[in-house]
Amino acid sequence: MSQDLYDLLGVDRDADDTAIKKAYRRLARQYHPDVNPEPEAQDKFKEISRAYEVLSDPQKRSAYDRGGDPFGGGAAGFGQGAGFSFTDIMDAFFGGHAGGGAGGGRGPRPRVRRGQDALIRLDVDLAEAAFGVTRELKVDTAVLCTTCHGDGAAPGSHPVPCETCRGQGEVAHVQRSFLGEIRTLRPCAACRGFGTIIPEPCRECSGDGRVRSRRTLTVKIPAGVDTGTRVQLAEQGEVGPGGGPAGDLYVEIQVAPHRVFTRHGNDLHCTVTVPMTAAALGTSLTLPTLEADVEQGADSGVETEFSLEIPAGTQSGTEQVLRGRGVPGLRGGRGDLVVSVAVETPQRLDARQEELLRELAAIRGEETPSGQVKPGSKSFFGRLRDAFDGH
Ligand SMILES: [Zn+2]
Ligand SMILES: [Zn+2]
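Residues numbered from 1 in each chain as written. Chains lettered and ligands numbered in written order. Predicted model: local features only at pLDDT ≥ 70, side-chain atom pairs only at ≥ 80, totals over all residues. Heavy atoms only, no water.

Peer 1: It is not clear to me how the coordination of the zinc ion (ligand 1) should be interpreted in this structure. Could you clarify?
Peer 2: Metal coordination angles in their ideal form are 109.5 degrees for the four-donor tetrahedron and 90 or 180 degrees for the six-donor octahedron. All of the protein donors around the zinc ion (ligand 1) are Cys145 (SG), Cys148 (SG), Cys202 (SG) and Cys205 (SG); their distances to the metal are 2.3 Å. With 4 donor atoms in place around the zinc ion (ligand 1) and angles of 104 to 116° between them, the coordination shape is tetrahedral. Counting along the primary sequence, the residues that act as donors to the zinc ion (ligand 1) give the motif C-x2-C-x53-C-x2-C. Of this pair, cysteine 145 sits in the loop between strand E2 (133-144) and strand E3 (160-161) while cysteine 205 is found in the loop between strand E6 (196-197) and strand E7 (210-221), placing the two residues 60 residues apart along the sequence. By relative accessible area, which is 0% here, cysteine 145 ends up buried. What makes cysteine 205 buried here is its relative accessible area of 7%. (Donors = N, O, S within 2.8 Å, 3.2 Å for Na, K, Ca; no water. Tetrahedral: all angles 85-135°; square planar, octahedral: opposite > 155°, others 65-115°. Helix = DSSP H or I, 4+ residues; strand = E, 2+ residues; numbered from the N terminus. Buried < 20%, exposed > 50% of the residue type's maximum accessible area, 1.4 Å probe, protein only.)

This is how it looks when you write it as structure tokens:
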């Protein structure tokens, strides 16, 4: 609080009233809690308001210049700038009450307003997300009240203008302050700002113009959606107050994990395990596609399986990329299927199998392998580099 008041406003000691006013207005724009949500802003705004309160008043300013405490005695209402809204302060500066009328008023607020958007979550499985699905959804939203058709008045009655505010929806409050006279317009309490009163509210909706209702919607989920994708259904959200136009309904997709395929963007990943012998000798496998999850007609032409060639000498961890067998993109195209091969070492050998393997090891000179020491497991980029280096 001991900070210099001129410094607080960022003005010279010989600044005139206009410069002080200008500085305060600039800082109010920057720090007023209505426009600046930072927690420090509120304290900062109080400080600059106190500084302005002193420096804009010739008596207080000269007392301060002489080294006195301007806040010491009877300074009723100091720092009250913080009690006014940003709009009130700007109105005081820009002459919001010039002409003496209800200037700056916004008029009655409309009874009819657009409704809110609604959000529901939908669980789908991976194949449904990939290839699209049509689902029936139960939604619970506000819908138009059919008894009053939205205007909120009981049949045969009508809204009437509010007498308290003469239909303006606002009443003026005048307060004196260091900023001068501040005229604040507040919503009329009698009509809650609407400017009209419903003398006989509709019984069905209590005058709101809408009622809650549960209905069933058929929703088409496009191919390629992923967890977090929101499908927008225009005007299927909440009907607005007074029977206003409905907001939109958003269906947020949540994709359940798949037992085989993991999704990375539009690519699918899976791991296929082959016995050591097959990896060494090479083999051909038939594996189910993601399409196999979807019920298909007999002649749908959709491939429910694909064949994967495991070349002789395949190492564990080898990846094969099958182009265009991933998830279709929302905007066209299709991701890849990445199959990672895991080579399985036999765990239990009978006498004959062991004999054969020992014989094989002897032929290959692998009875007492030294083991090859290499750097830790290679990153994707390491493997990419090896590929370029021709390893
Ligand atoms: Zn009604
Ligand atoms: Zn009123």
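Peer 1: Mind showing me how you'd approach the pattern of salt bridges here?
Peer 2: Pairing between side chains of opposite charge can happen when the charged atoms of each approach one another. Summed over the entire model, instances satisfying the criterion amount to 18 salt bridges. Taking the shortest distance from any N to any O, the salt bridge between glutamate 53 and lysine 60 comes out at 3.3 Å. The class for glutamate 53 is buried, based on a relative accessible area of 2%. We note a salt bridge from arginine 334 to glutamate 291, for which the minimum N-O separation is 2.9 Å. Highlighted residues: arginine 334 in the loop between strand E14 (319-322) and strand E15 (337-344) and glutamate 291 in the loop between strand E12 (283-288) and strand E13 (305-310), separated in sequence by 43 residues. Three or more residues are tied together by salt bridges with common partners; here these are Asp4, Arg13 and Asp65. (Salt bridge = Lys/Arg side-chain N within 4 Å of Asp/Glu carboxyl O.)

Peer 1: I keep staring at the packing of aromatic side chains and nothing clicks. Help me out?
Peer 2: Any aromatic ring pair is given by two values, namely how distant the centres are and how the planes are angled relative to each other. Summed over the entire model, instances satisfying the criterion amount to 3 aromatic pairs. With centroids separated by 6.4 Å and ring planes inclined at 25°, the aromatic side chains of tyrosine 24 and phenylalanine 45 adopt a geometry described as stacked. Here tyrosine 24, found in helix H2 (residues 17-31), pairs with phenylalanine 45, found in helix H3 (residues 39-55); they are 21 residues apart in sequence, far enough to count as distant. On the basis of relative accessible area, phenylalanine 45 is assigned to the buried category, the value being 1%. According to the relative accessible area criterion, tyrosine 24 is buried, its value standing at 0%. Ring pairing ties together the aromatic residues Tyr24, Phe45 and Tyr52, which thus form one cluster. (Phe/Tyr/Trp six-rings, centres within 6.5 Å; stacked < 30°, edge-to-face > 60°.)

Peer 1: Can you help me understand unusual backbone geometry in this one?
Peer 2: Notably, arginine 166 is not glycine yet its phi reads approximately 50°, a positive angle. Looking at where arginine 166 falls in the secondary structure, it is placed in the loop between E3 and strand E4 (170-177).

Peer 1: What should I look at first to understand the packing of H3 against helix H4 (residues 58-65) in this one?
Peer 2: Packed helices, taken two at a time, are described by the angle their axes make and the gap between the axes. Contact pair H3 / H4: the axes reach a minimum separation of 6 Å and the direction vectors enclose 100°. Taken together, the axis directions place H3 and H4 in an arrangement best described as roughly perpendicular. The segment H3 lies against H4, with Glu53, Val54 and Leu55 engaging Lys60, Arg61 and Tyr64. When grouped by side-chain class, the residues that make up the contact of H3 with H4 number 3 nonpolar, no polar and 3 charged. (Axes fitted to C-alpha atoms, helices over the stretch in contact; angles between N-to-C directions. Parallel < 35°, antiparallel > 145°, perpendicular 65-115°, else oblique. Contact = heavy atoms within 4.5 Å. Nonpolar A, V, L, I, M, F, W, Y, C, P; charged D, E, K, R; others polar.)

Peer 1: What is the right way to read the sheet that holds strand E8 (residues 230-233) from this model?
Peer 2: The strands making up a sheet are joined through hydrogen bonds of the backbone, oriented either antiparallel or parallel. Across the sheet, 3 strands lie side by side as E1-E9-E8; this open sheet has mixed pairing. The open sheet has two edge strands with one neighbour each: strand E1 (118-124) and E8. Averaged over all neighbouring strand pairs, the angle between strand axes comes to 25°, with direction disregarded. Across 7 bridges, the pairing between E1 and strand E9 (residues 249-255) is parallel. Within E9, the residue paired with valine 124 across the bridge is valine 255. (Pairing = 2+ DSSP bridges.)

Peer 1: Any chance you could explain the environment of glutamate 252 here in plain terms?
Peer 2: The topology assignment puts glutamate 252 in strand E9. Measuring from C-alpha to C-alpha, the distance between glutamate 252 and aspartate 226 comes to 9.3 Å, with 26 residues separating the pair along the chain. Those residues in contact with glutamate 252, other than ones at most four positions away along the chain, are Leu119, Ile120, Arg121, Leu122, Gly228, Thr229 and Arg230. Side-chain polar atoms of glutamate 252 contact the side chain of arginine 230, separated by 2.7 Å. (Polar contact = N/O pair within 3.5 Å; in protein donor to acceptor, adjacent residues only side chain to side chain.)

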